[in-house]
Amino acid sequence: MTERNLHTSIVLPEDEREGEQCAKLLLQTLNQHPGVRAAQIDFQRRELELRYEPDRIAPEVVAGVAADLGIRLGSHMDHCALVVDGMDCRNCAPQLEAELAAIPGVHRVTANPAAHVVGVHYESPAALASVKTRIAEMGYQVASEAEQAKPGFWTRNIGLIYAGLTLAFLLLGLLFEKWASIPAAPWMHLVFFGLAYVIGGYEAAQEALRDLRHGKLNVDLLMLLAALGAAALGQWAEGAILLFLFSLSGALEEFALDRTHSAIEALTKLRPTEATVRRGHIEERVPVEAVKPGDIVVVRPGEQVAVDGVVVSGETSINQAAITGESMPVFKKVGDEVFAGTINQDGAIDVRATRPAQDSTLARIIELVAEAQSERAPTQRLIDRFAHPYAVAVLSTVALIIVVGTWVLGFPFDDVFYRAMTLLVVASPCALVISTPASILSAIAAGARNGILFKGGAHLENAATVDTIAFDKTGTLTYGEPEVTDVLVFNGYSEDALLRLTASAERRSEHPIARAIVREAERRNLTLSEPEKFVAVPGQGVKAVVEGRELIIGNETIHRNHNGRSAETIPNEVRALQAQGKTVVMVYNQGHLVGAVAVADRLRENAADTVAALRRLGVKHIVMLTGDHRQVAEEIARSVNIDQVHAELLPADKVAVIKRYQEQGARVAMVGDGVNDAPALALATVGIAMGAAGTDVALETADVVLMADDLCKLPLAMRLARRSRRIIAQNMAFALGVMALLVIATFTIGISLPLGVIGHEGSTLVVVFNGLRLLKTK
């Protein structure tokens, strides 16, 4: 297993005690994370030293966990996904990864030939340049951004041209073979068969020679040897048929898998190229790269939002399906966030840019999907690891059959050699090699279309095995903002009259509960007054004078301290609301209790349905992790049928709870909103961040990102992961079954070489198209 070292300076929070606690939690999280060999912090020098396995934990995950704890890493680690032309090999990924990972300054490399993508984690532009140079030296070519955006159909599917030419020359060869007795052309059939060999075997020969230079044997070599063996026996037509079917199968694989790249292509086409910027009283169209944070961008109806930003003027509905997967337009007003690439529908708005175009959420999503496609799943890595030893074993077996069959058993050499060449074909594991990437790439593309980002095949496979889901409460099961739920009135006040007085008194307060009360008054279109006097009482409430009325508003403490009343005098109606886990503020006018306002972090409407859907998918245990009070947490847990509540937790406690479940054998998914969840997300079997369209830490740290602030995406993500696992199992069983059947038939009844090729390549296409069914997941 490859090991890497990361030695970097760290910047801790200014408060010494807080900094030490955050650093200890960082160490605890890292040392418990799979893939971390050792982590230690030198507090005097403010340095972190980490030994880790890059295949199991990425450097940006470390940076994300640290950032969520208020710690900034000094080293700068970039990552990108390179589209590599000519990477059509079926099992060259391990060699490519090993060669590139050995370059100084490169921390991690992931290569997926099926997707033509290489993911690189590097320290400096010089390291990335060295990677590109080494890729070129190995016979591949890094596509430019322009080439990535609009590749032509035949450029992407050049194999179809080779297959078509091979078929044409094969048919001409058969035609002239039939007319070989004609004096003018007794040898013309050999010319056309030879051309069929050259064209049909061109791409296979390239891959075989490339691997041979590194001491590796691959499937392409097995096919070429079988075709050459057929020619040596005088069976030119059968060898040409083999190469035609092999090249056609490879071309159809490429054509089919090209559909999985549509997720990136569709997102790339969404990238705006120009923006209308208002500078003073002048509006001008500029390239989107010229827009700087702080610029005011004008977006008219029907136009794309050019950059990430905040609405500063106007109201509209935005279609942001490309970013979040939401099917319905979202209403946007002043203060709301908008994303580049989304479509403004019916109103003109002014947007203050908050990020440059290259750092937009859309740009990050494109990068993440590309990187995810570069990640090979563990199953795929296992198959690739055995590809070379298996090829050696097949060649050795074929050689042994020829020797034993001819010299020991005395069978005719031509018969033994022909059967050995057939075995060489039917024993090649093409279908097995492609069975996993076809399904993984399809699942990642289907997820991206629905606003679900799986950050690699490993996380997709892990999500399929989850049997325990731990939900954060605030911002995940709830909306994360307190809202007024009840208004109680006494002494003849109406609800609106009481709420208007209370909101007027609270309008100067910055407390979340005060803001919730003011929002509710504004929602009811109540006219608020400016308080003549206002005093905040920390931890208790406020005292204010509104329209000549002396108001005291707050909790039980203010009830006791400022009104001289005991807890027993609190009305039963208030106690009933508190028993439901709600926060109740009592309102006093001239010392008399005139009403109360209950506030709660409102439960999402679809939370109970989401939990029920997860149980139907086979999740056995659903728990809640929260820093909130137990009474509040348990009330919400009862509402949505959650099994167990862990309340009043600090971030370190959440990590400990997840670790305890894992020690008991559970496969745990942690679901949070990406705020203060990074340590738990990093440690879980699968970390899932919800509503992360504008959250950088969540995009970096989580394994699965739900771009929309919508719990309903979670069952879809789990269903997609489980369905991909089933299809991979089907593909592997089918591929192994067909291969075993063909091998047995070769040894027993004996099958012709063309029939063996049809069975071999047919099974390969079946598993590819079976995997593509995942693209239709909705």
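Quick notes on the rules
Residues numbered from 1 in each chain as written. Predicted model: local features only at pLDDT ≥ 70, side-chain atom pairs only at ≥ 80, totals over all residues. Heavy atoms only, no water. pLDDT = per-residue confidence, 0-100. Contact = heavy atoms within 4.5 Å. Salt bridge = Lys/Arg side-chain N within 4 Å of Asp/Glu carboxyl O. Helix = DSSP H or I, 4+ residues; strand = E, 2+ residues; numbered from the N terminus. Buried < 20%, exposed > 50% of the residue type's maximum accessible area, 1.4 Å probe, protein only. Core = buried A, V, L, I, M, F, W, Y, C linked by side-chain atoms within 4.5 Å. Pairing = 2+ DSSP bridges. Axes fitted to C-alpha atoms, helices over the stretch in contact; angles between N-to-C directions. Arc of directions from axis to C-beta. Phe/Tyr/Trp six-rings, centres within 6.5 Å; stacked < 30°, edge-to-face > 60°. Lys NZ or Arg CZ within 6 Å of the ring centre and 35° of its normal. 1 Å grid on protein atoms, 1.4 Å probe; cavity = no way out; pocket = protein on both sides within 12 Å on 5 of 7 lines; lining within 4 Å. Points joined across faces, edges and corners; volume = space filled by probe spheres on them. Expected span 1.5 Å × (residues − 1).

Regions with low pLDDT should not have their predicted coordinates read in detail. Across the protein chain, pLDDT averages 81, with 87% of residues at or above 70. Across residues 146–150, confidence stays below pLDDT 50; counting only partners more than four residues off in sequence or on other chains, it has five contacts.

What follows deals with the pattern of salt bridges. The final tally for this structure, using the stated rule, is 26 salt bridges. Between aspartate 601 and lysine 473 there is a salt bridge, with its nearest N and O atoms 4.0 Å apart. With a gap of 128 residues between them, aspartate 601 in strand β25 (residues 592–603) and lysine 473 in helix α20 (residues 473–477) connect regions that are remote in the sequence. Given a relative accessible area of 1%, lysine 473 falls into the buried group. Of the charged contacts in the structure, one is a salt bridge between arginine 615 and aspartate 643, with a shortest N-O distance of 2.9 Å. Separated by 28 residues along the polypeptide, arginine 615 in helix α25 (residues 607–616) and aspartate 643 in the loop between α26 (630–640) and β27 (644–646) bring together distant segments of the chain. A residue is classified by how much of its surface remains accessible, and arginine 615, at 24% relative accessible area, is partly exposed. Among the residues examined, aspartate 643 registers a relative accessible area of 39% and is labelled partly exposed.

In this section: the nonpolar core. The biggest cluster of nonpolar side chains holds 53 residues, and the ones touching the most others in it are Leu26, Leu50, Ile71, Ile658 and Met670. Among the elements that line this core, the one with the most residues is helix α1 (residues 16–32), at six residues. Sequence-distant contacts of isoleucine 71, that is, excluding residues within four places in its chain, are made with Ile10, Val11, Leu12, Pro13, Cys22, Ala23, Leu26 and Ala66. Ranked by size, the runner-up nonpolar core spans 47 residues in total, among them Met223, Ala237, Met421 and Val426.

Across six bridges, the pairing between strand β9 (residues 274–279) and strand β10 (residues 282–287) is antiparallel. The residue of β10 that forms the bridge with valine 277 is glutamate 284. If you look at the hairpin formed by β9 and β10, you'll find two residues sitting between the two strands, and glycine 280 has a positive phi there, around 75°.

Pairing is mixed across the open sheet formed by seven strands, whose spatial order is β18-β30-β29-β28-β19-β26-β27. Each of the sheet's edge strands pairs with one partner strand only, and the pair in question is β18 (452–454) and β27. If you compare each strand with its neighbour and ignore which way they point, the axes differ by 20° on average. Bridging between strand β19 (residues 468–472) and strand β26 (residues 621–625) involves five bridges; their strand directions are parallel. Residue pairing for β26: alanine 470 is matched across the bridge by valine 623. Sitting on the sheet, helix α27 (residues 651–663) touches β19, β26, β27 and β28 (668–672), and the angle it makes with β26 is about 165°. Across the sheet, helix α30 (residues 713–747) is in contact with β18, β19, β28, β29 (686–690) and β30 (704–706); its angle to β18 comes to roughly 40°.

The next point concerns α26. Residues of α26 that are buried include every one of Val632, Ala633, Ile636, Ala637 and Val640, and no others. Buried residues along α26 cover an arc of 130° about the axis, so they all sit on one side. Where α26 is buried, its residues touch α20, β20 (478–489), β25, α25, β26 and β27. Downstream of α26 by one or two residues, asparagine 641 has phi in the positive range, about 65°.

What follows covers the pairing of strand β21 (residues 533–537). Relative to strand β22 (residues 541–546), β21 runs antiparallel, the two sharing five bridges. Paired with valine 537 across the two strands is glycine 541, which belongs to β22. Linking β21 back to β22 in an antiparallel pair, the connection comprises three residues, with glycine 539 at a positive phi of about 75°.

A few words on the packing of aromatic side chains. This structure, assessed with the given rule, holds four aromatic pairs. Their ring planes at 20° and their centres at 6.2 Å tell us that phenylalanine 169 and phenylalanine 192 sit as a pair that is stacked. Here the residue phenylalanine 169 occupies a position in helix α7 (residues 158–178), and phenylalanine 192 occupies one in helix α8 (residues 188–200), the gap between them amounting to 23 residues. By the burial criterion, phenylalanine 169 is buried, and phenylalanine 192 matches it. Directly above the ring of tyrosine 479 sits arginine 604, whose terminal nitrogen or CZ lies 4.9 Å from the centroid.

As a further point, take empty space enclosed by the protein. With the rule as written, the count across this model stands at four cavities of 30 Å³ or more. Considering only enclosed or pocket space, the largest cavity measures out at about 60 Å³ in volume. Every element with two or more residues in the lining of the largest cavity is listed here: α18 (430–449), α30 and α31 (753–771). Of the residues forming the lining of the largest cavity, the biggest block, five residues, is contributed by α30.

Quick look at helix α16 (residues 387–408) now. For α16, built from 22 residues, the straight-helix expectation of 32 Å at 1.5 Å per residue is met to within 8% by its first-to-last C-alpha distance of 30 Å. Every buried residue belonging to α16 is among Ala387, Ala391, Val394, Val398, Ile402, Gly405 and Thr406, and all of these are buried. The buried residues of α16 occupy one face: seen down the axis, they fall within an arc of 90°. Exposed residues on α16 whose side chains face more than 90 degrees from its buried face are Leu400, Trp407 and Val408. Positive phi appears at glycine 410, one or two residues downstream of α16, with a value of about 75°.

With respect to the secondary-structure elements, valine 198 resides in helix α8. Along the backbone, valine 198 and threonine 166 are 32 residues apart, and their C-alpha atoms lie at a distance of 8.5 Å.

Attention now moves to unusual backbone geometry. In this structure, glutamate 547 takes a positive phi of about 50° despite not being glycine. Positionally, glutamate 547 belongs in the loop between β22 and β23 (549–554). Among the residues examined, glutamate 547 registers a relative accessible area of 36% and is labelled partly exposed. Positive phi is not limited to glycine here, since asparagine 641 has a value of about 65°.

The next subject is the environment of isoleucine 103. The residue isoleucine 103 is located in the loop between α3 (93–101) and β6 (106–112) in this model. Considering only alpha carbons, one finds isoleucine 103 and tyrosine 122, 19 residues apart in sequence, at a separation of 9.6 Å. Not counting residues within four places of it along the chain, the set of residues in contact with isoleucine 103 comprises Ala127, Ser130, Val131 and Arg134.

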